[in-house]
Amino acid sequence: MLFFFADEDVVHRRIDFPVYKNVKDAPRVIVVGAGPAGYFAALQLIELGVKPIVVERGKDVRSRRRDLRAINIEHIVNPDSNYCFGEGGAGTYSDGKLYTRSKKRGDVNRILELLVAFGATQDILVEAHPHIGTNKLPKIMQDMRLKILEFGGEVLFDTRVVDFIVKDNEIQGVVVNEGDIIEAKKVILATGHSARDIYELLDRKDIFIEAKPFALGVRAEHEQSLIDKIQYSCDYRGEYLPPAPYSIVKQVNGRGMYSFCMCPGGVIAPCATAPGEVVTNGWSPSKRDRTTANSGIVVELKLEDFKPFEKFGALAGMEYQKAIEQKAFLLAGETQRVPAQRMVDFSQGKVSSSIPKTSYVPGTTSIELGEVFPNYLTDIMRQGFQEFGKSMKGYFTNEAILHAPESRTSSPVRIPREENTLEHPQIKGLYPCGEGAGYAGGIVSAAIDGEKCAIMCVESMQ
Ligand SMILES: Cc1cc2nc3c(=O)[nH]c(=O)nc-3n(C[C@H](O)[C@H](O)[C@H](O)COP(=O)(O)OP(=O)(O)OC[C@H]3O[C@@H](n4cnc5c(N)ncnc54)[C@H](O)[C@@H]3O)c2cc1C
């Protein structure tokens, strides 16, 4: 057996902040959204001597917690403050997995090093699959905000962008809340994949956007001990091995069905962003020490799937997604309870006679999940779970509980931009950025895209 030791110099290297300039009186750029794309864009702007004004519809991380409690306990969804909206964006209360498919190691390292400078442990620099954990991310995001403020940037919470001011195809600023105006000739738009009102606004104003395929399915939960047993081929993991993750993909009826955002030792979270819908996702604490393992299990969608919604044009995929989330809400009892079914029962089309308590705090309602999805998706998932069971012996079990839907895997809309300038092709000064614009999927790639947009934006100001 080979043992690899991490290079001590790497693990204990001192990581300094970049040299930030005081930008209090510098030219300004509006950054819409305080997610990873927005905050990394803001810090990059400061590094380059430009003042960011970050505009965020949600609350700071601490105040945001009250609204998460209200979703879990009282089933109340605040459309401006929830698991997706608020300081730190969708990633704040996540697993904080930091791996990315980005090939540019230099960019990835820079993001990881910045996270370390803001308080993440140095382990993330050497681990193959680094993650931070829900308990640690909020403080990191808060410290990023403090740094932005320290060097003269602004961060405005409870400030929702409701309109763009455009003159002769050039952006002049944004309108917020009840009509206040914030002026700037450059706007980085980093509003994430759940800002449906922003897509609707762009569409209404005839600012070019396009439908984009995404993936959709369920969130499956197993006992972590079962996943450990399957992955480590032993009865008991012991104290030296971490809770086992898994990653699986199969082709079923010509479509990819795969695990997405797997959370070992984690919890399933209610991630709706508006009343009247049910959405799932997952998170884990840094130690991943919960007894359950969950993962999105999703099927790739194609543009042709959105045909029943074609009257919505570029918003067809978003309406398809919304219809499934709203159906789940109605079927489960018009609260944040989630439609649920045991895995084998689902594959046999049989309503489960009982659903054991799962990690999803608002609770479950036993439903035949085929009622939530179009038939072709149900068929693929029914077969797919059986295929998964062939590759991971023990995975296909009636002890596993499926929660539906997992629907916010990536943006259903792309906001186009020029490859060389990153500007919107029609609106000068508008920089579509991060996951909501369709150029990132995950915390690290959103952060990388934020920095890229900031650099291009500043270049255009020279
Ligand atoms: C529960 C959960 C777990 C996740 N786990 C992981 C993980 O482990 N690893 C990983 O890499 N990714 C994970 N993700 C995905 C990750 O969070 C996103 O990919 C990432 O946050 C995208 O960054 P972003 O900055 O582009 O957008 P977002 O993080 O979505 O941020 C957008 C921000 O814009 C704000 N906004 C929206 N509309 C407006 C408006 N009109 N005016 C003003 N502000 C507005 C929102 O409030 C939000 O704060 C998870 C997501 C969730 C929900």
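**Quick word on the overall build of the protein**
And step 1. Of regular secondary structure, the protein possesses twelve helices and 19 strands.
And step 2. Here the C-alpha radius of gyration of the protein, 22 Å, is about what a compact globule of 462 residues would show, namely 23 Å.
And step 3. Here the C-alpha coordinates of the protein stretch approximately 65 × 60 × 40 Å along the principal axes.
And step 4. Put simply, the protein has 462 residues, and 59% of those count as buried.
And step 5. Separation between the mean location of the 56 positive side-chain charges and that of the 60 negative ones in the protein comes to 1 Å.

**Remarks on the site of the ligand**
And step 1. Every one of the 37 residues lining the ligand counts as a neighbour, but Glu56, Ala90, Gly91, Glu435 and Ile443 are closest to it.
And step 2. Arginine 57 places a polar side-chain atom, nitrogen or oxygen, 3.0 Å from a nitrogen atom of the ligand.
And step 3. One of the side-chain nitrogen or oxygen atoms of glutamate 435 is found 2.4 Å away from an oxygen atom of the ligand.
And step 4. Its free accessible area being 1000 Å², the ligand has 96% of it covered by the protein chains.
And step 5. For the shell around the ligand, the secondary-structure elements that each account for two or more residues are α2 (36-47), β13 (280-283), α11 (434-437) and α12 (443-461).

**Comments concerning helix α5 (residues 137-150)**
And step 1. Here α5 spans 20 Å end to end across 14 residues, near enough to the 20 Å set by a 1.5 Å rise per residue.
And step 2. Among all positions of α5, only Leu137, Pro138, Ile140, Met141, Asp143, Met144, Arg145, Lys147 and Ile148 are buried.
And step 3. Trailing α5 by a residue or two, glycine 152 shows a phi angle of about 95°, which is positive.

**Observations concerning unusual backbone geometry**
And step 1. Residue proline 405 is bonded to the preceding alanine 404 through a cis peptide linkage, with omega at 0°.
And step 2. Within the secondary structure, proline 405 sits in strand β17 (residues 401-406).
And step 3. Residue histidine 75 is not a glycine yet carries a positive backbone phi of 65°.
And step 4. Looking at where histidine 75 falls in the secondary structure, it is placed in the loop between α3 (61-74) and α4 (105-117).
And step 5. Relative accessible area serves as the criterion here: at 26%, histidine 75 is assigned to the partly exposed category.
And step 6. Residue arginine 288 is not a glycine yet carries a positive backbone phi of 50°.
And step 7. Mapped onto the elements of the fold, arginine 288 is located in the loop between β13 and β14 (292-300).
And step 8. A relative accessible area of 12% means that arginine 288 is categorised as buried.

**A few points about the pairing of β17**
Each regular strand displays side chains that alternate between the two surfaces of the sheet.
And step 1. Here β17 lies mainly inside the structure; six of its six residues are buried.
And step 2. Pairing geometry for strand β9 (residues 215-223) and β17, over four bridges, is antiparallel. Note that in β17 the partner of alanine 220 across the bridge is leucine 402.
And step 3. Pairing of strand β15 (residues 338-342) with β17 involves three bridges; the strand directions are antiparallel. Considered in β17, the bridge of arginine 342 is made with isoleucine 401.

**Brief notes about the pattern of salt bridges**
Side-chain pairing between opposite charges can occur once the charged atoms of the two side chains come close.
And step 1. Per the counting criterion, the structure on display carries 26 salt bridges.
And step 2. A salt bridge links lysine 51 to glutamate 154; its shortest N-O distance comes to 3.2 Å. Remark: glutamate 154 occurs in strand β3 (residues 154-156) and lysine 51 occurs in strand β2 (residues 51-55); sequence separation between them is 103 residues.
And step 3. Exposure remark for lysine 51: the relative accessible area of 10% places this residue in the buried category.
And step 4. Exposure remark for glutamate 154: the relative accessible area of 29% places this residue in the partly exposed category.

**Examining the sheet that holds strand β7 (residues 187-189)**
Pairing between the strands of a sheet is mediated by backbone hydrogen bonds and can be parallel or antiparallel.
And step 1. Read across the open sheet, the five strands follow the order β3-β2-β1-β7-β19; overall the sheet is parallel. Of all strands in the sheet, those with a lone pairing partner are β3 and β19 (430-432), marking the two edges. Pairwise comparison of adjacent strand axes, ignoring direction, gives a mean angle of 20° for this sheet.
And step 2. Sheet analysis places strand β1 (residues 28-32) next to β2, joined by five bridges and oriented parallel. Residue pairing across strands places isoleucine 30 opposite isoleucine 53, the latter belonging to β2.
And step 3. Its contacts with the sheet place α5 against β2 and β3, and it is angled at close to 130° to β3.
And step 4. Relative to the sheet, α12 contacts β1, β7 and β19, its axis offset from that of β19 by approximately 165°.

**A word on the nonpolar core**
And step 1. Core analysis: the largest hydrophobic core is formed by 53 residues, its most contacted members being Tyr39, Leu115, Ile124, Met144 and Ile188.
And step 2. Mapped onto this core, the elements with two or more residues apiece are β1, α2, α4, α5 and α12.
And step 3. Examining the composition of this core, we find that ten residues originate from one element, α12, more than from any other.
And step 4. Every residue in contact with leucine 115, bar those within four places of it in the chain, is listed here: Phe40, Leu98, Ala120, Ile124, Ile132, Ile140 and Met144.
And step 5. Counting residues in hydrophobic clusters, the runner-up holds 42 residues, among them Leu301, Ala316, Phe385 and Tyr395.

**So, the packing of α2 against α5**
A pair of packed helices is captured by two measures, namely the crossing angle of their axes and the spacing between those axes.
And step 1. One way to put it is that α2 packs onto α5 with a least axis distance of 10 Å and a crossing angle of 30°. With respect to α5, the element α2 is oriented roughly parallel. Of the two elements, α2 crosses α5, and the hand of that crossing is left-handed. Touching Pro36, Tyr39, Phe40, Ala42, Leu43 and Ile46 of α2 are Met141, Met144, Arg145, Lys147 and Ile148, all from α5.
And step 2. Tallied by class, the residues present in the contact of α2 with α5 amount to nine nonpolar, no polar and two charged.

Reading guide: rules and limits
- Residues numbered from 1 in each chain as written.
- Predicted model: local features only at pLDDT ≥ 70, side-chain atom pairs only at ≥ 80, totals over all residues.
- Heavy atoms only, no water.
- Helix = DSSP H or I, 4+ residues; strand = E, 2+ residues; numbered from the N terminus.
- Rg over C-alpha atoms; globule rule 2.2 N^0.38 Å.
- Buried < 20%, exposed > 50% of the residue type's maximum accessible area, 1.4 Å probe, protein only.
- Lys, Arg positive; Asp, Glu negative; His and termini not counted.
- Charge placed at Lys NZ, Arg CZ, Asp CG, Glu CD.
- Near = heavy atom within 4 Å.
- Polar contact = N/O pair within 3.5 Å; in protein donor to acceptor, adjacent residues only side chain to side chain.
- Areas by Shrake-Rupley, 256 points an atom, 1.4 Å probe, with all protein chains shown as cover.
- Expected span 1.5 Å × (residues − 1).
- Pairing = 2+ DSSP bridges.
- Salt bridge = Lys/Arg side-chain N within 4 Å of Asp/Glu carboxyl O.
- Axes fitted to C-alpha atoms, helices over the stretch in contact; angles between N-to-C directions.
- Contact = heavy atoms within 4.5 Å.
- Core = buried A, V, L, I, M, F, W, Y, C linked by side-chain atoms within 4.5 Å.
- Parallel < 35°, antiparallel > 145°, perpendicular 65-115°, else oblique.
- Left-handed = near helix turned anticlockwise from the far one by under 90°.
- Nonpolar A, V, L, I, M, F, W, Y, C, P; charged D, E, K, R; others polar.

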